[in-house]
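# What the coordinates show
So the chains spell out like this:
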Amino acid sequence: MTTSSAPGKIILCGEHAVVYGRPALAIPVTQVHADVQVSSRARAGIWIDAPDVNLHAELNTLASDHPIASVINNLFFLLHAVPFPNLEIKIDSTIPVASGLGSGAAVTVALTRALSSYLNHPLTDEEVNGFAYEIEKLYHGTPSGIDNTVVTYAKPVYFAKGQPIETFKVGALFTIVIADTGISAPTKESVGDVRKLWEADQKRWEKVFDEVADISFAARRVIEEGWITMLGVLMDENHALLQQMTVSSPELDRLVEVARKAGALGAKLSGGGRGGNLIALVDPKMAEDVSVSLKEAGAKNTIVTQVS
Ligand code: MEV
């Protein structure tokens with residue numbers, strides 16, 4: 001039997017602009033994860049159990065564009081594992097789907113690692129990341145690659161498309177409250193809508209993306225220096241630019257305001273937006289208060305994560 005696990009992720013700043021080559025910062029969130037178990041099967045075929053998405057089926061009964069089928073089929077062809085071995089695959093994930101926490105990327109990465117190890121053909125992180133990016137492209141249109149990268153390396157990343165992957169140091173530990181609006185919102189749609197805006201007025205949006213790039217650049221510096229209060233200010237500024245891109249929503253805006261009023265140093269949506277999760281930077285002593293306020297105001301769940 002082989003097993004593999006991959007974390008969720010949040011984007012600290014730079015989402016959407018990162019699709020247009022600007023830098024963004026993302027960190028893994030280990031409190032949520034996708035776990036995959038691969039074992040041999042006495043009967044012919046590949047049986048998949050993924051209770052979180054209510055999937056209990058033979059691989060050959062799934063549509064060829066089913067995300068899980070596409071990972072398995074493409075990987076087996078890539079690794080020349082034909083004819084396919086008889087397998088049981090169990091996928092468990094605590095990462096909410098379509099919520100900006102990287103659930104798709106985490107399932108792909110964990111599945112790729114578990115299957116390739118099972119086939120005695122373990123892949124390097126670079127190969128896993130490259131493969132996961134190809135899969136992301138099938139489902140998200142024009143992804144930047146930040147989700148698969150942070151999930152594969154499970155480290156904070158300063159990411160710019162086409163550039164070598166950089167990690168960054170954290171000068172002083174900081175605490176983030178992640179709050180789920182409970183509204184699922186596919187990244188593909190918000191990314192597609194931002195593209196329409198950009199196509200209609202490239203000059204305007206390139207300028208907005210440059211402002212986001214300045215924020216990501218400054219955020220990396222303040223994190224490295226441990227100037228946490230300033231990170232909060234940058235997060236607020238980033239949220240305002242995301243509002244301009246039309247990827248926030250009344251619910252996200254309301255909860256961002258609740259977090260700020262409850263004492264957060266800054267708050268913003270995180271990921272594709274329109275729903276999904278927001279993040280609030282807090283003094284560790286305020287984490288519980290901010291969490292409770294967000295839940296009282298309607299957040300479906302909160303996670304407190306420390307970045308060190
Ligand atoms: C999604 O986590 C981040 C986006 O910038 C899309 C992408 O980078 O592929 C919205």
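The numbers attached to residues start from 1 for each chain and follow its sequence in the written order. Local features in this predicted model are restricted to residues of pLDDT 70 or higher, and side-chain atom pairs are both shown and tallied only at a pLDDT of 80 or more, whereas totals for entire chains, interfaces and linings draw on every residue. Note: side-chain values were computed over all heavy atoms of the structure, leaving out hydrogens and water.

### Some words on the domain arrangement of the chain
- Taken domain by domain, the chain comprises domain 1 (2–159) and domain 2 (169–307).
- If you average the C-alpha positions of domain 1 and of domain 2, the two centres end up 25 Å apart.
- Any pair of residues with heavy atoms lying within 4.5 Å of one another is described as a contacting pair. Every contact between the two is made by 29 residues of domain 1 and, on the other side, 43 residues of domain 2.
- The term buried area refers to how much accessible surface (probe radius 1.4 Å) is lost by two components on association, counted for both of them together. For the pair domain 1 and domain 2, the summed buried surface comes to about 2800 Å²; carbon and sulfur atoms form 63% of the total.
- In terms of surface lost to domain 2, no three residues of domain 1 exceed H16, Y20 and R22, which account for 25% of the buried area on that side. Those domain boundaries reflect an automatic or database domain assignment.

### Notes on the site of the ligand
- Neighbouring the ligand are 14 residues, the closest being K9, H16, P143, S144 and D147.
- Two N or O atoms count as a polar contact when they lie within 3.5 Å, although within protein this holds only if one can serve as hydrogen donor and the other as acceptor, and sequence-adjacent residues are included solely when both atoms are side-chain atoms. A distance of 2.5 Å separates an oxygen atom of the ligand from a polar side-chain atom of S144.
- Contact between the ligand and D147: an oxygen atom at 2.8 Å from a side-chain N or O atom of the residue.
- Among the elements of the structure, β1 (2–13), α4 (146–153) and α5 (187–200) are those that each provide at least two residues to the shell around the ligand. For each residue, the test is whether any non-hydrogen atom lies within 4 Å of the molecule or strand; if one does, the residue is near. Under the scheme used here, helices are H or I runs from DSSP no shorter than 4 residues and strands are E runs no shorter than 2 residues, and both carry numbers assigned from the N terminus.

### Quick notes on the environment of V212
- Inspection of the secondary structure puts V212 in helix α6 (residues 202–225).
- On a C-alpha basis, the gap between V212 and L241 in space is 7.3 Å, while along the polypeptide they are 29 residues apart.
- Once you skip the residues sitting within four places of it in the chain, V212 turns out to touch G14, A17, N238, L241 and M245.

### Describing the pattern of salt bridges
- For this document, the term salt bridge refers to a Lys or Arg side-chain nitrogen within 4 Å of an Asp or Glu carboxyl oxygen. A complete count under the given rule lists 17 salt bridges for this structure.
- The salt bridge involving R113 is made with D125; its shortest N-O contact spans 3.0 Å. Taken together, the residues R113 in helix α2 (residues 103–118) and D125 in helix α3 (residues 125–140) connect sequence positions twelve residues apart.
- Summary of the burial criterion: residues with accessible area below 20% of their type's maximum are buried, those above 50% are exposed, and those between are partly exposed, where the area comes from a 1.4 Å probe applied to protein chains only. According to the relative accessible area criterion, D125 is partly exposed, its value standing at 35%.
- Each of R22, E206 and D210 takes part in one network of salt bridges that share partners.

### Things to note about the side chain of T108
- Considering the arrangement of structural elements, one finds T108 in helix α2.
- The residues touching T108, leaving out its near neighbours within four places in the chain, are V71, A132 and I135.

### So, the sheet that holds strand β8 (residues 266–270)
- Spatially, β8-β9-β7-β10 is the arrangement adopted by the four strands of the open sheet, whose pairing is antiparallel. Each edge of the open sheet carries a strand with a single partner, namely β8 and β10 (301–307). Neighbour-to-neighbour, the strand axes of the sheet open up by a mean angle of 25°, direction not taken into account.
- Note on pairing: two strands pair once DSSP finds at least 2 bridges between them. Two elements, β8 and strand β9 (residues 277–282), share five bridges in a ladder whose sense is antiparallel. Bridging across to β9, K268 finds its partner in I279. Helix axes are fitted to C-alpha atoms over the stretch in contact, other axes to C-alpha atoms as well, and angles between N-to-C directions run from 0 to 180 degrees.

### Digging into unusual backbone geometry
- Here the bond from V82 into P83 is cis, since omega is 0°, no more than 30 degrees from zero.
- Of note, P83 is situated in the loop between α1 (67–78) and β5 (87–93).
- The phi torsion at H16 lies on the positive side, around 70°, for a residue other than glycine.
- Residue A98 is not a glycine yet carries a positive backbone phi of 50°.

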